[in-house]
Amino acid sequence: MAATESAQILIIDDTRANVAVLSYLLADEYAVRFASSGPQAFDLLAQGARPDLILLDVVMPGMDGYAVCAKLKANPATRDIPVILITAATDEDSETQALNAGGVDFIQTPVKGAVVRARVRLHLELQRNTRALEESLAEIARTNKQLKVLWQAFEQSPTSIVITAADATIQYVNPQFTEQSGYTPAEAIGQNPRILNSGLTPTSTFDAMWSSLTRGEPWKGELINRRKSGEVYWEEAHLAPVKDDAGQIAHYIAVKLDITERKQAYERIAYMAHHDALTDLPNRSLFFEQVAQALERARRHGNRLALLFIDLDKFKPINDSCGHAVGDLVLQVAAKRITGRLRAADTVGRIGGDEFVVLLTDVQDDQGAMEVAEGIGEALRQPIILDDKTLSISSSIGMAYYPDHGSDAIELARHADEAMYQAKERGRDRLKVFQTGGYHDKVTGVYNRPFLEKQVALECARAQRSGNILSLLLIAIDDFNAYTERFGHPAGDDALRLVAKVLESKFQRPGDLVARYGAEAFACLLPATDFEPARQLAEQIEHAVRTRALGHASSSQLPSLTVHIGIATRRRALDGDSAALLQLAEEQLGQAKQRSSPQIAGKLLVSTPPHQPST
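Residues numbered from 1 in each chain as written. Predicted model: local features only at pLDDT ≥ 70, side-chain atom pairs only at ≥ 80, totals over all residues. Heavy atoms only, no water.

K.L.:
How should the overall build of the protein be read in this particular structure?
P.N.:
Looking only at helices and strands, the protein features 20 helices and 22 strands. The buried share among the 615 residues of the protein stands at 47%. Of all intrachain contacts in the protein linking residues separated by at least 6 positions in sequence, the fraction that spans at least 24 positions is 63%. When the accessible area of the protein is evaluated, it comes to approximately 29,500 Å², of which 51% is carbon and sulfur surface. (Helix = DSSP H or I, 4+ residues; strand = E, 2+ residues; numbered from the N terminus. Buried < 20%, exposed > 50% of the residue type's maximum accessible area, 1.4 Å probe, protein only. Contact = heavy atoms within 4.5 Å. Areas by Shrake-Rupley, 256 points an atom, 1.4 Å probe, with all protein chains shown as cover.)

K.L.:
Please explain the pattern of salt bridges as it appears in this structure.
P.N.:
When the charged atoms of two side chains with opposite charge come close together, those side chains can pair. Under the definition given, this model contains 28 salt bridges. The residue glutamate 296 makes a salt bridge to arginine 299 at a minimum N-O spacing of 3.0 Å. On the criterion of helical spacing, the pair formed by glutamate 296 and arginine 299 is a turn pair, its members being three residues apart in helix α11 (residues 284-301). On the basis of relative accessibility, which here comes to 41%, the residue glutamate 296 falls in the partly exposed class. Taking relative accessible area as the criterion, arginine 299 reaches 38% and is therefore assigned partly exposed. (Salt bridge = Lys/Arg side-chain N within 4 Å of Asp/Glu carboxyl O.)

K.L.:
Is there a simple way to think about helix α20 (residues 578-593) in this case?
P.N.:
If you check α20, its first and last C-alpha atoms are 23 Å apart, about what 16 residues at 1.5 Å a residue would give, namely 22 Å. Taken together, the buried positions of α20 are occupied by Ser578, Leu581, Leu582, Leu584, Ala585, Gln588, Leu589 and Ala592. The buried residues of α20 occupy an angular sector of 160° when projected down its axis, which confines them to one face. (Expected span 1.5 Å × (residues − 1). Arc of directions from axis to C-beta.)

K.L.:
Mind showing me how you'd approach the confidence of the model for the protein here?
P.N.:
Low-pLDDT portions of the prediction should not be read for the details of their coordinates. In this model, the protein carries an average pLDDT of 84, and 88% of its residues clear a pLDDT of 70 or more. Mean pLDDT values for the elements of the protein range from 49 in strand β22 (residues 600-606) up to 95 in strand β13 (residues 355-360). Confidence drops under a pLDDT of 50 for residues 604-615, and excluding neighbours within four residues, the segment shows 25 contacts in the predicted structure. (pLDDT = per-residue confidence, 0-100.)

K.L.:
Is there a simple way to think about a negative patch on the surface in this case?
P.N.:
Negative charge collects at one region of the surface, where Asp91, Glu92, Asp93 and Glu95 lie side by side. Positionally, aspartate 91 belongs in the loop between β4 (83-87) and α4 (92-100). (Patch = residues over 30% accessible without salt bridge, like charges linked within 9 Å, V, L, I, M, F, W, Y side chains within 5 Å. Lys, Arg positive; Asp, Glu negative; His and termini not counted. Charge placed at Lys NZ, Arg CZ, Asp CG, Glu CD.)

K.L.:
When you look at the sheet that holds strand β10 (residues 249-258) in this model, what are you seeing that I'm missing?
P.N.:
One key point about sheets: their strands pair by backbone hydrogen bonds, in either a parallel or an antiparallel sense. Read from one edge to the other, the open sheet built from five strands follows the order β7-β6-β10-β9-β8, with strand pairing classed as antiparallel. Each having just a single partner strand, β7 (170-173) and β8 (219-226) make up the two edges of the open sheet. On average, adjacent strands in this sheet sit at an angle of 30° to one another, irrespective of strand direction. Sheet topology note: the strand β6 (residues 160-165)/β10 ladder contains six bridges and is antiparallel. Considered in β10, the bridge of alanine 165 is made with histidine 251. Here helix α6 (residues 147-155) sits on the sheet and contacts β6, β7 and β10; the angle it forms with β7, its principal contact strand, is near 75°. Most of the contacts of helix α9 (residues 203-214) go to β8, to which it runs at about 135°, and overall it touches β8, β9 (232-243) and β10. (Pairing = 2+ DSSP bridges. Axes fitted to C-alpha atoms, helices over the stretch in contact; angles between N-to-C directions.)

K.L.:
Can you walk me through the side chain of threonine 87 in this structure?
P.N.:
When you line up the elements, threonine 87 lands in strand β4. Threonine 87 has contacts with Val58, Phe106, Ile107, Gln108 and Thr109, leaving out every residue within four places of it along the chain.

K.L.:
Would you mind going over the packing of helix α2 (residues 38-46) against helix α3 (residues 65-74) with me for this structure?
P.N.:
The relative placement of two packed helices is expressed as an angle between their axes plus a distance between the axes. Relative orientation of the contacting elements α2 and α3 amounts to 25°, with a least axis distance of 10 Å. The orientation of α2 with respect to α3, classified from their angle, is roughly parallel. Note on packing geometry: the crossing formed by α2 with α3 is right-handed. In contact with Gly38, Phe42 and Leu45 of α2, α3 contributes Val68, Lys71 and Leu72. Its residues placed into classes, the contact of α2 with α3 shows four nonpolar, one polar and one charged. (Parallel < 35°, antiparallel > 145°, perpendicular 65-115°, else oblique. Left-handed = near helix turned anticlockwise from the far one by under 90°. Nonpolar A, V, L, I, M, F, W, Y, C, P; charged D, E, K, R; others polar.)

What follows is the structure, given as structure tokens:
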């Protein structure tokens, strides 16, 4: 590959806007070509195009980016071209899938110019040095005539280069090694590379490295090393054995790139993805991960837990009258006051505009947990002095215990939330412990319709404050009476429990709720969700019931079963009208029943406010 200024870049993306942005960022430095799909890109490559780097969009119709990348890596002619995937996903699974497909890196959208240029420059530079190194090693095996050129290449390489003897004694280091590690050639030569060992690289990494090298195979990985100054840094290392004319390993060579800044950027991104930017507390995702882990420990050791939902009273008037900047300061003060009342083993998170959650671990008795909760309420009740303003808030706190009020995070959160709203209904500024009642359907074990209707009202009120999406699904099974008459009521009850199980397995986020809505109908309340794959859900329910029925009769004896789903989604709900959402879902279910195919009907209620309040 030539210098990076003349490098060839192929952009594979079906979105014109994305192509325009990337072209604007890169065209001045590189020769850029475009393809709008995987097949078009493969045609260009078949015609002789050989880019030095490929920028590949993950989400494309037909053949997605992961499949395109995997096919490129399976072709010997294109497998060495570095591929950077472009995606909006930030989760660990997406990153792992990109790397497993053969990608060398990924860039999040919307793209940032500095990030795109830096990543492209980095991987072009790494590719150039890797190819240069491979070519240089090949030349060493054939002749010593170009030793001077190779020496100069090593000396001037922008990456750290180390050559060792077969026993791993360092024989050569280049100036970039000294720049990165702090060790001069005189200090490093004759030593073992262990002088860089920080003790932080897993032993398994070194085992895998030496396993490859001793087999005569190259190895690539990441090492956590320590500079002479004591500072820890990350390196991306490419190691390879160098064989003599007899085919025996005579040396090892390592080409290493300092990736500390990249790692720190990844860590910052990961931290931001799991923490509330305003209060620095765990967000909903991280908090409920910690709840799930605490529940596992509690089950093993027989401990009790307490989950608190905290809603700040009188916050909205302060936010509206004093402005969002003051509101944000109040939230930060509230977060510090809540945290100050907890033990080191307890956890606090922010899950919404003025909503906080607390997990108390190893609860010895109810009184102790209540004292902590009341202490939080007392701390939040104290005046907040900001400049020349004295502000007052209080809190409505709902508390639920494990295992008394729930066996999993979803049920526990639902009951703590319900108790919190009961505290608000009883005048605010108080603690309410969840009380078990007739909230469950006796046949299926899921929640009953009265509880659902109450939760719909609560979630509509919450959506009114936060501006979040709220979806309600009503699911009905046609000809279920015929099914029950054919196989008997026990079998019918068994089928209803099976449907409930399918729904509960589908909707497992904290806040999701599954309820029995009628004799042969269920409801699913999904906060902050715009539910789309309803057809797949209908097929899963129908398949599960019919499969269970095969245990009672042959397929020819089964009554015809059709699953209908009505979907109502409210976006940016302003009026908090829960009755309208229920009525809309029932209307959509009725429309679905009138159709033979498809059996899905849905409608979106949109109400756009003149000003969206901050959360």
